[in-house]
Amino acid sequence: MNEHGLILQNAPHVRTSESLFTVMTDMIVAMAPLYLIAWFYYGPRALLLGLTGAATAWVLDLLGALACGRRMDLRDLSAVVTGLLIPLLMPASIPYYVVVTACVVAILAVKFPFGGTGNNLFNPAAVGFAFTAICWPELVFSYPAPMQELAVAGEVAAKTIVSPAHSLMRGAIPSLDLFDMILGNTAGPMGATNILVILACGLYLLVRRTIGWRTPLSFLLVVGMMAMAWPRSPFGTFDSVGWELCSGMLLFGAVFMMTEPVTSPKRDFAKLLYGATSGAVVMLFRYFGGFEDGFVFALILMNVFAPLFDRVCENILHQIRHGTLLPKKPAPGAENPPKERKKLPKPGLKKKTETEVGV
Amino acid sequence: MKKMNAAAASLMKDSFRKILFSNPVLVGGMVVGEIIIGATSLQNAVALSVTFAIVTIPVLLLAPLIAYFVPKTWRILCYALVSMSMLFTAQAAVAPISPTIFDSLGIYLPLLALNTVVVAYSRLISEEKGVVFNLLDGICFSLGFLIVAVLIGGLRELFGSGTLWGYEILQRKASALKLPFSGFLIAGFLAAAVEGLRILFHAKPYEHFSGGKEDQK
Amino acid sequence: MSFFVPGIVLEQRKEPMLSRDMVMMKPDSLRTFQNPFEEILPQELRPEEITEIARLADIIDESDGRSLYEELIEADKRGVDAVIADAIDDEPYISSQLNIALHEPEKIALALELCAKAVHADLSKTHVAVYRHVLDITIRIPKKLAGVDVMHFGGRYPAETRAYDKFRREKNTLTVGTGALLHLVRAAEHGIAQTSCFVTVAGDAVANPRNVEAPVGTPVSEILKYCGLAADPEAVIVGGSMTGRSISDPEEEKVGVMTRGVLAFRESYKSLGYICIGCGRCDHACPEGLSASQLRRFAEFGRRDLLELYDVDRCIGCGSCSYVCPSKLDIGTAIFAAKRSLAAEKALAEKGGAAE
């Protein structure tokens with residue numbers, strides 16, 4: 001600030017009222033109904049698991065910022081969002097240390113070493129969950145029956161039932177009807193069973209423009225088509241589509257995890273491609289994978305390829321802009337101009353140019 | 001006499017650096033694969049370090065001799081021959097650690113015979129230096145390797161299998177730590193820690209590892 | 001139609017400035033010039049006389065900064081079909097051109113008649129071009145302003161650039177800003193030369209936001225004092241809200257003919273800085289379809305090869321990317337600066353090559 005008390009800012013001087021804070025609070029608000037429903041089905045343990053996850057993630061983010069020598073931005077709630085996402089992927093009877101381990105891995109191994117917010121290579125919640133799924137598959141995939149109040153602390157002795165995803169993996173028909181599954185009255189990850197609420201939260205996020213519609217739509221379309229073409233259970237095709245879409249953490253992942261801005265492509269067309277390819281990969285994991293729901297692993301794999309889709313899209317756009325998509329017919333009598341094909345250059349020497357930013 | 005003492009002192013300082021601040025694995029980036037994937041337990045770590053020492057030090061000692069007689073194109077083959085022939089000795093030395101040591105290490109033990117120090121470092125650096133320098137090089141590299149391997153292997157065994165040198169210690173374990181990706185993550189954090197220590201002690205890295213960071217504090 | 005054209009929808013925020021009459025800051029600072037045609041009624045002036053009046057009154061067209069006299073001569077030479085009054089104000093808060101069109105329509109209609117006569121254009125084809133996008137329902141613009149058809153531009157920001165592209169493509173039009181038109185009428189009727197400019201004073205720190213006619217060269221602080229400050233502003237901007245310049249010394253800065261507005265805000269967005277989270281909203285908002293997030297990164301690291309591959313020279317500097325960024329980053333500034341420095345380097349290299 002100078003002596004007139006004025007701050008110099010760059011154009012444009014009107015900005016959208018959206019900010020990182022509003023984007024993150026939108027996500028938290030969208031996850032709140034899921035926690036409430038989980039509370040309804042499984043008792044207050046669900047809420048405590050969520051709180052543990054959020055608190056661990058936030059503390060670790062603070063430590064990470066200190067280790068990097070930065071002051072932590074208190075409005076940056078992305079770690080809290082990760083901490084809240086992780087318990088929703090797990091059964092409500094999970095011990096607390098599993099959630100803590102997942103959060104530790106998510107923040108300390110995925111977010112912090114690569115640069116913090118905005119620089120994670122993979123979805124942190126996905127990697128945290130994947131780590132615990134490899135370590136303790138018997139804990140992470142054994143779901144309690146709904147509508148029982150679980151003990152808040154200590155070991156939980158809950159009646160576990162087979163989840164629909166597990167039945168599908170074995171090639172059997174799930175023992176519930178679709179209506180129960182939509183309402184969430186089944187065994188499954190804490191936040192991923194109630195399809196209706198997830199759809200409502202997804203709609204809220206779409207309207208608030210926190211997530212885009214392209215990735216989830218193409219993802220679900222491809223999953224539906226593959227479920228229709230190759231049903232896992234020996235029953236009708238439309239039922240198969242319903243079961244595939246409603247079992248496991250597929251819909252939850254499509255709304256909350258696939259749309260994570262840092263790891264998904266930025267271009268519209270690239271988002272469609274990304275969603276479609278992820279759908280195919282997830283279904284392949286379901287058909288041939290070892291776990292009953294390999295969604296997280298498929299997501300981590302696709303996160304690696306996300307920038308590739310962006311590059312492809314950019315190349316296509318570049319060629320359209322410069323008119324090299326279709327070869328130009330040379331005018332009669334004129335020289336044949338060389339086709340302007342720009343290959344992706346190898347990363348050369350970095351030259352610093354003077355830019356006028358940084359007022 | 002004084003000149004020799006000064007040279008000896010700088011040599012000792014150089015070598016000391018190679019153990020920690022110019023650690024061959026964490027700073028030099030050499031021999032990374034075998035350590036990270038192979039060191040899943042303390043026994044594995046010790047076996048790998050012993051093998052590394054037995055296989056590499058003779059190569060480093062013989063490097064100037066071989067460089068004198070053999071033309072450039074064939075030198076690496078000769079180094080590999082030397083290290084491979086030492087492999088038998090190494091395997092004999094490692095066998096008493098545990099009966100299942102060769103099963104748990106799999107291919108990473110013999111793979112050490114072709115590690116980066118044997119193949120690249122000896123060709124680029126050891127040929128031109130004297131025997132004393134190479135001996136100290138070998139010893140310090142081995143010590144550095146041992147430290148890193150023991151840290152990574154120990155951590156992974158303790159938290160990944162709940163044991164330490166085969167003795168049960170912890171009840172709960174996270175078995176995903178034994179997978180290679182955890183090894184890479186742990187190695188990354190250790191490298192960051194070493195870099196932090198280096199900055200703390202204002203030490204300069206060994207010039208062949210510094211990558212232009214000599215002027216940085 | 002405009003759904004498929006990229007860009008951003010901006011809240012116009014033109015009230016209450018648009019409804020209030022334009023107020024003259026210093027009425028006695030108007031100066032007259034020796035008008036040889038003062039006896040003749042404006043409607044009966046001949047084309048050469050009109051251009052002569054434009055020259056004597058020193059009128060400058062505020063939409064492009066050229067002298068009106070030169071514009072009329074050049075338009076006459078190339079032959080135009082229609083004269084269009086530029087009342088397009090597509091940036092939020094700014095309404096200096098639109099205000100004149102809405103509050104003094106007869107004068108604008110007369111001015112258009114004079115211009116059409118001066119360039120021998122078809123009087124029936126004159127228009128007033130305005131901008132109002134479909135979601136902005138508080139602004140009322142009639143279909144005809146004093147008998148002149150209103151040409152409506154809709155769609156997203158940046159609309160003025162698009163409108164000008166359209167006019168340039170249809171080469172037989174002449175666009176004149178409404179401010180210059182008002183000055184032309186005053187010159188023809190009362191022999192008053194142009195000594196003032198039209199500025200919108202707005203922002204949440206201003207007590208009485210309105211459109212003001214201020215003498216050219218008035219310090220910004222005086223204009224702000226004239227309208228009154230409700231609070232101490234954190235940022236004062238001269239120019240448009242999307243393309244303007246943030247100033248540090250309001251007493252030193254003076255307004256000119258090309259100044260569209262003076263804005264004073266209580267809070268600067270700079271105090272809200274975050275980091276890029278790769279949400280891609282900027283890519284979506286770019287009207288040229290560029291990958292703004294990537295370009296910003298390349299500009300930061302000086303990757304000239306990638307900047308060229310991603311077509312940085314197509315950036316028009318509209319600032320839509322910065323507008324939508326939730327992290328309030330200065331994306332547009334970085335990209336446009338990179339574009340300019342790259343162009344400068346290329347020009348220098350070519351000059352160096354030509355010299356050899």
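So, how was this worked out
Residues numbered from 1 in each chain as written. Chains lettered and ligands numbered in written order. Predicted model: local features only at pLDDT ≥ 70, side-chain atom pairs only at ≥ 80, totals over all residues. Heavy atoms only, no water. Contact = heavy atoms within 4.5 Å. Buried area = accessible area lost by both parts, 1.4 Å probe. Salt bridge = Lys/Arg side-chain N within 4 Å of Asp/Glu carboxyl O. Polar contact = N/O pair within 3.5 Å; in protein donor to acceptor, adjacent residues only side chain to side chain. Helix = DSSP H or I, 4+ residues; strand = E, 2+ residues; numbered from the N terminus. Nonpolar A, V, L, I, M, F, W, Y, C, P; charged D, E, K, R; others polar. Buried < 20%, exposed > 50% of the residue type's maximum accessible area, 1.4 Å probe, protein only. Pairing = 2+ DSSP bridges. pLDDT = per-residue confidence, 0-100. Phe/Tyr/Trp six-rings, centres within 6.5 Å; stacked < 30°, edge-to-face > 60°. Lys NZ or Arg CZ within 6 Å of the ring centre and 35° of its normal. Axes fitted to C-alpha atoms, helices over the stretch in contact; angles between N-to-C directions. Parallel < 35°, antiparallel > 145°, perpendicular 65-115°, else oblique. Left-handed = near helix turned anticlockwise from the far one by under 90°. 1 Å grid on protein atoms, 1.4 Å probe; cavity = no way out; pocket = protein on both sides within 12 Å on 5 of 7 lines; lining within 4 Å. Points joined across faces, edges and corners; volume = space filled by probe spheres on them.

K.L.:
Would you mind showing me how to read the interface of chain A and chain C here?
P.N.:
Interface size is commonly expressed as the accessible area that is lost once the parts come together. Taken together, the contact pairs 54 residues of chain A with 71 residues of chain C. Counting each side, the surface lost to burial between chain A and chain C is near 5300 Å², with a carbon and sulfur contribution of 54%. Our count for the chain A to chain C interface comes out at two salt bridges. Among the salt bridges present, the one from Asp311(C) reaches Arg321(A), with a minimum N-O distance of 2.4 Å. Linking chain A to chain C there are 16 residue pairs in polar contact (both at pLDDT 80 or more). At the level of elements, helix H1 (20-42) and helix H14 (295-321) of chain A are the ones that each hand at least two residues to the side of chain A that touches chain C. The biggest single contributor to the side of chain A that touches chain C is H14(A), with five residues. Residues belonging to the side of chain A that touches chain C are distributed by class as follows: 18 nonpolar, 17 polar and 19 charged.

K.L.:
Could you clarify how one ought to interpret the side chain of Glu213(C) in this entry?
P.N.:
Residue and element names in this part refer to chain C. Mapped onto the elements of the fold, Glu-213 is located in strand E8 (residues 210-215). In this structure Glu-213 comes out as buried when scored by relative accessible area, which is 3%. Here the side chain of Glu-213 touches Arg-186 through a polar contact of 2.8 Å, side chain to side chain. In this structure, Glu-213 is in contact with Met-22, Val-23, Met-24, Met-25, Lys-26, His-183, Arg-186, Ser-196, Cys-197 and Phe-198, ignoring residues within four places of it in sequence.

K.L.:
Mind showing me how you'd approach the pairing of strand E9 (residues 235-238) of chain C here?
P.N.:
Consecutive side chains along a regular strand alternate between the two faces of the sheet. All names here are of chain C. Across the two faces of E9 the burial is the same, with Ala-235 and Ile-237 and Val-236 and Val-238 all buried. The pairing of E9 with strand E11 (residues 261-265) spans four bridges and is classified as antiparallel. Paired with Ile-237 across the strands is Leu-263, a residue of E11. Sheet topology note: the E9/strand E10 (residues 245-247) ladder contains three bridges and is antiparallel. Bridge pairing links Val-238 to Arg-245 in E10.

K.L.:
I'm lost on the confidence of the model for chain B in this one. Help?
P.N.:
Regions with low pLDDT should not have their predicted coordinates read in detail. Of all residues in chain B, 93% have pLDDT values of 70 or greater, and the mean over the chain is 83. Looking across chain B, the model is least confident in helix H1 (residues 2-19) of chain B, with a mean pLDDT of 75, and most confident in helix H3 (residues 42-69) of chain B, with 90.

K.L.:
Which parts of the structure should I look at to understand the packing of aromatic side chains?
P.N.:
Working definition: an aromatic ring pair is given by the centre-to-centre distance plus the angle between the planes. Following the criterion strictly, the structure yields 19 aromatic pairs over all chains and no others. Arranged with centres 5.1 Å apart and planes meeting at 65°, the rings of Tyr121(B) and Phe141(B) form a pair that is edge-to-face. With a gap of 20 residues between them, Tyr121(B) in helix H7 (residues 116-124) and Phe141(B) in helix H8 (residues 131-160) connect regions that are remote in the sequence. An aromatic cluster of at least three residues, connected via ring pairs, comprises Phe129(A), Phe141(A), Phe291(A) and Phe297(A). Taking NZ or CZ as reference, Arg45(A) lies 4.9 Å from the ring centre of Tyr96(A), over its face. When the ring centre of Phe133(B) is taken as reference, the NZ or CZ atom of Lys129(B) above it lies at 4.9 Å.

K.L.:
Sorry, what's going on with the packing of H3(B) against H8(B) here?
P.N.:
How two helices pack is summed up by the angle between their axes together with the distance between the axes. Residue and element names in this part refer to chain B. Interaxial distance between H3 and H8 falls to 8 Å at its minimum, and their mutual angle equals 165°. Here H3 lies roughly antiparallel to H8, going by the angle between them. Where H3 crosses over H8, the two elements pack in a sense that is right-handed.

K.L.:
I tried to follow the arrangement of the chains on my own but got confused; where do I start?
P.N.:
In this assembly, two pairs of chains are in contact, and the pair with the greatest number of contacts comprises chains A and C. At their nearest point, the C-alpha atoms of chain B and chain C are still 20 Å apart, with no contact between the two.

K.L.:
Can you help me understand the pattern of salt bridges in this one?
P.N.:
Side chains carrying opposite charge are able to pair once their charged atoms draw close together. Residues and elements named next belong to chain C. Tallied over the entire structure, the rule returns 29 salt bridges over all chains. The shortest N-O distance in the salt bridge between Asp-89 and Arg-260 comes to 3.5 Å. Of this pair, Asp-89 sits in the loop between strand E2 (82-87) and helix H3 (96-103) while Arg-260 sits in the loop between E10 and E11, and the two are 171 residues apart along the sequence. The exposure class assigned to Asp-89 is buried, which follows from its relative accessible area of 1%.

K.L.:
Whenever I open this one, helix H12 (residues 250-257) of chain A confuses me. Can you help?
P.N.:
Working note: α-helix, 3.6 residues per turn, so residues spaced by three or four point in the same direction. Counting buried positions over the eight residues of H12(A) gives eight, a clear majority of the element. Residues of H12(A) that are buried: Leu250(A), Leu251(A), Phe252(A), Gly253(A), Ala254(A), Val255(A), Phe256(A) and Met257(A).

K.L.:
Help me understand empty space enclosed by the protein in this model?
P.N.:
Where empty space is left in the structure can be found by rolling a water-sized probe over the atoms. Scanning the entire structure with this criterion turns up six cavities of 30 Å³ or more. Roughly 280 Å³ of internal volume is contained in the largest cavity. If you trace the largest cavity, you find 22 residues lining it, with Met24(A), Ser78(A), Val81(A), Glu260(A) and Pro261(A) closest to the centre. Looking at the lining of the largest cavity, the elements with two or more residues in it are H1, helix H3 (78-88) and helix H5 (124-135) of chain A. Looking at the lining of the largest cavity element by element, the count peaks at four residues for H3(A). Split by residue class, the lining of the largest cavity holds 12 nonpolar, eight polar and two charged. The calculated volume of the second largest cavity comes to roughly 120 Å³. If you trace the second largest cavity, you find 15 residues lining it, with Cys286(C), Leu290(C), Cys315(C), Cys318(C) and Cys321(C) closest to the centre. Among the elements of the structure, helix H9 (292-301), helix H11 (320-324) and helix H12 (331-355) of chain C are those that each provide at least two residues to the lining of the second largest cavity.

K.L.:
Honestly, the interface of chain B and chain A in this entry has me stumped. Any pointers?
P.N.:
Counting residues at the interface gives 11 residues for chain B, matched by 10 residues for chain A. Across the chain B to chain A interface the summed buried area is about 800 Å²; carbon plus sulfur atoms make up 77%. A per-residue breakdown of the area chain B buries against chain A is headed by Arg172(B), Ala176(B) and Phe189(B), which together make up 46% of the total. Linking chain B with chain A are zero salt bridges, by the criterion used here. Along the contact surface separating chain B from chain A lie three residue pairs in polar contact (both at pLDDT 80 or more).

K.L.:
Got a minute to help me understand the sheet that holds strand E5 (residues 148-153) of chain C in this structure?
P.N.:
Hydrogen bonds along the backbone pair up the strands of a sheet, which may run parallel or antiparallel. Residue and element names in this part refer to chain C. The strand order E4-E5-E3-E2-E6 describes an open sheet built from five strands, whose pairing is mixed. Either end of the sheet is taken by a strand with one partner, and the two such strands are strand E4 (144-145) and strand E6 (173-177). With five bridges joining them, E2 and E6 adopt parallel strand pairing. Paired with Ala-85 across the strands is Val-176, a residue of E6. Set on the sheet, H3 makes contact with E2, strand E3 (127-131), E4 and E6; between it and E2 the angle comes to about 115°. Packed onto the sheet, helix H4 (residues 105-118) meets E2, E3, E4 and E5 and runs at close to 145° relative to E2.

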